[in-house]
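# Notes for the structure review
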Amino acid sequence: MLVFFLCCLFVLITVLSWSFDDLSFLCFVSFLPVFFLVDIMKERNSLQFTLLLFFLNLVINILVFSWLFSVSYAAGLSICFLNSLVFTVPYFFLKSNNSSFININKYLFLTFWVAVEFFHFRWSIAFPLLNLGYCLSSYPNIIQFYEVTGSLGGTFWVLLTNILLYDFVRSFRMTHSGKHLHKIIRVSMFFIFPILISRLMENENYIKENNKFNVLVVHPSIDCENEKYNREASEVTKYYLSLLDTSSLIGSADLILLPETSLPDIGFLHELDKNESMNLLSNFVRKHKTPISSGAISYSLENNINEKKAHENPNLVYSSKYDVWYKVFNSFIQLDSDYSVQHRAKENLVPIEETLLKGKFFSILRKLVGSRGGFFFSREDRPSYLFELKSGSAYAPIICYESAFSNILRKSVLKGAEFITVGLNECWYKNTSGAKHFLRAASIRAIETRKYIVRSSNMGYSSVTNLNGHIIDKTFSSEPKVFLAAIHRNGIKTFFVKNGDWLGYLNFLFMLTLVSISFYRKSKTR
């Protein structure tokens, strides 16, 4: 009965901390039920314990990411299953050796968890939205140290606080004495120190008055299923332009921002001038002398494709009608008044829904899952990270899911991005929880890079986040809206931008050290 209670408590606390902004602080105690489970189940083998935690992880993922099922049941279940499987690995080390958990297993658990998150940012089926550091994005005031550590610093903080708190509670239960003052001080110190550091780091020193910049954000609220992909692409473009034409703010804008895949079909990249939507946009840009940055579906012809190359890239598409191979890109374009077009394709694609790995298993999965938008996208061979403006400014055009990853934004800022735009298509979610996850990610990325982030979403949240991670303007509406985002550009490169996930690499060294100590202790006891 106690095991059942602790399992339910673990699921409840974790789901609450991820589902409600006001309860995010619960993440600092969310692992306590698991740690007590280790004590209660000490007679069980590690495999039984790990299987139990896999099941609990799966329940948590399904409840927290329930919005995925409004996109696709098969894709949602597949992502939840894979995510649960990945994050079950660290739990194995809670019971993986004979030493008491209180001695070394807890730190093995911490290092392996951080290692899994570090790895989960980088592989082809990455889905990092449940990384612990993201949970604290509801309180940007206390995570300003992400400028140095990135979100992995938050993960480390949450886990260490849970471990030290468990250490104190367990010791107090065993002795019922007042000799644990040092442990209370230790927990308090490690909990409060990052908060104090963050309060000292929060400032507006990066803002300069002569670096003001105005982005006109379009929040079109067009139905994907019944309108966007069922109307002529040019008609959809005319709808966006009609929203802009009725806005009195266009004269104040330095840049116009449209959401992800706003242009459902701009044709092949080598003949954009033949596309009606592109011509409509070009005429609008020339008239108002203001560049437009927009999401688009674009295509690229691929030559010299044989069966081997086609197998290596399962997202290549073959047209039997024209006997050609081509790639489909979820891309962003910028059009300027001199007819120049800049293009970049989405690099971090949504696993299973937007892209699949090669292999028989994933081929079967593709047939089961399909794609709500009807596309499976490819990546560019030579990815780009910046759009440049005639004024000399540059910005990072991030596409939806990419905002959950720090690496692309780091590369963009290193190359000279002075602010960040994010285009999203959140009409698939049909509720607010999915949109909230990506809104949280914007606060994390803003602090890591110390850049303003302007988001344009089709439904969901269109928002402006300042360089301290505070959301200073947002709209969540099913009604179309156009608003002006007044931001500040800067060329600052933070410690995290310059050095990346240094904490992840350092953690690997620490993990190897602990594993070596663990094996050494085992050999000594034989």
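Residues numbered from 1 in each chain as written. Predicted model: local features only at pLDDT ≥ 70, side-chain atom pairs only at ≥ 80, totals over all residues. Heavy atoms only, no water.

### Section: unusual backbone geometry
To keep things clear, this is the line we draw: Here a strand is any run of E in DSSP of at least two residues, a helix any run of H or I of at least four, and the numbering for each starts at the N terminus. When accessible area is computed with a 1.4 Å probe and restricted to protein chains, residues below 20% of their type maximum are described as buried, those above 50% as exposed, and intermediate ones as partly exposed.
Of note, tyrosine 339 is a non-glycine position whose phi angle comes to about 75°, a positive value. Considering the arrangement of structural elements, one finds tyrosine 339 in the loop between strand 5 (324-335) and strand 6 (341-345). The backbone of arginine 450 sits at a positive phi, close to 55°, despite the residue not being glycine. Given the relative accessible area of 1%, arginine 450 is considered buried.

### What to know about the nonpolar core
Basically, it comes down to this: Here, the term nonpolar core denotes a set of buried Ala, Val, Leu, Ile, Met, Phe, Trp, Tyr and Cys residues that are joined through side-chain atoms within 4.5 Å.
Among the nonpolar cores identified, the biggest contains 114 residues, and Phe49, Phe65, Tyr91, Val215 and Ile487 are the most heavily contacted of them. Examining the composition of this core, we find that nine residues originate from one element, helix 10 (residues 151-175), more than from any other. If you look at the next biggest cluster of nonpolar residues, it comprises 24 residues, including Leu216, Val218, Leu243 and Phe284.

### Quick look at the pattern of salt bridges
For side chains bearing opposite charge, pairing can occur when the charged atoms are close. Under the convention used in this document: When a carboxyl oxygen of Asp or Glu lies within 4 Å of a side-chain nitrogen of Lys or Arg, that pair is called a salt bridge.
Enumeration according to the criterion identifies 11 salt bridges in this entry. Measuring nitrogen to oxygen at the nearest pair gives 2.8 Å for the salt bridge that ties glutamate 402 to arginine 344. Of this pair, glutamate 402 sits in the loop between strand 8 (394-399) and helix 17 (407-414) while arginine 344 sits in strand 6, and the two are 58 residues apart along the sequence. The residues glutamate 402 and arginine 344 share a single accessibility class, namely buried.

### Some points on the sheet that holds strand 7 (residues 387-388)
To keep things clear, this is the line we draw: At least two DSSP bridges between two strands are needed for those strands to be called paired.
Spatially, the six strands line up as an open sheet ordered 7-8-9-10-11-12, and their pairing is mixed. Pairing within the sheet leaves two strands with one partner each, and these edge strands are strand 7 and strand 12 (471-476). The pairing of strand 11 (residues 461-465) with strand 12 spans five bridges and is antiparallel. In the sheet register, tyrosine 461 faces strand 12, and the bridge partner there is phenylalanine 476.

### Concerning the environment of glutamate 347
The cut-off we apply is this: In this description, contact between two residues means that some pair of their heavy atoms is separated by no more than 4.5 Å.
Assignment of secondary structure puts glutamate 347 in the loop between strand 6 and helix 16 (360-369). Considered as a pair, glutamate 347 and glutamate 380 are 33 residues apart in the sequence and their alpha carbons are 7.4 Å apart. In this structure, glutamate 347 is in contact with Arg379, Pro383, Tyr385, Glu402, Ile408 and Lys411, ignoring residues within four places of it in sequence.

### Here's the deal with helix 14 (residues 276-288)
Operational definition: Here, expected helix span is obtained from the residue count minus one, scaled by 1.5 Å. The directions considered for the arc are those from the helix axis to the C-beta atoms. Pairing of N or O atoms within 3.5 Å defines a polar contact, subject to two protein rules: one partner must be a possible hydrogen donor and the other a possible acceptor, and residues neighboring in sequence count only if both atoms are side-chain atoms.
Counted at 1.5 Å a residue, the expected span for helix 14 with its 13 residues is 18 Å, and the 19 Å between its end C-alpha atoms agrees. Among the residues of helix 14, those classed as buried are Ser277, Met278, Leu281, Ser282, Phe284 and Val285. Angularly, the buried residues of helix 14 cover 165° about the axis, an arc narrow enough to put them on a single face. Looking at the buried residues of helix 14, the elements they touch are helix 13 (233-245), strand 2 (255-257), strand 3 (292-302), strand 5 and strand 6. With a side-chain oxygen positioned 3.0 Å from the backbone nitrogen of serine 277, the residue opening helix 14 is asparagine 275. Downstream of helix 14 by a residue or two, lysine 289 has a phi angle that is positive, lying close to 55°.

### A short note on the pairing of strand 10 (residues 453-458)
Most of strand 10 sits inside the fold, with six of its six residues counted as buried. Taking every second residue as pointing to the same face, both faces of strand 10 are buried, with Ile453, Arg455 and Ser457 on one and Val454, Ser456 and Asn458 on the other. In this sheet, strand 10 lies alongside strand 9 (residues 419-425) in parallel orientation, the contact comprising six bridges. Pairing of glycine 423 across the sheet is with serine 456, part of strand 10. When strand 10 meets strand 11, the two strands line up antiparallel, connected through three bridges. Following the sheet pairing, isoleucine 453 is matched in strand 11 by threonine 465.

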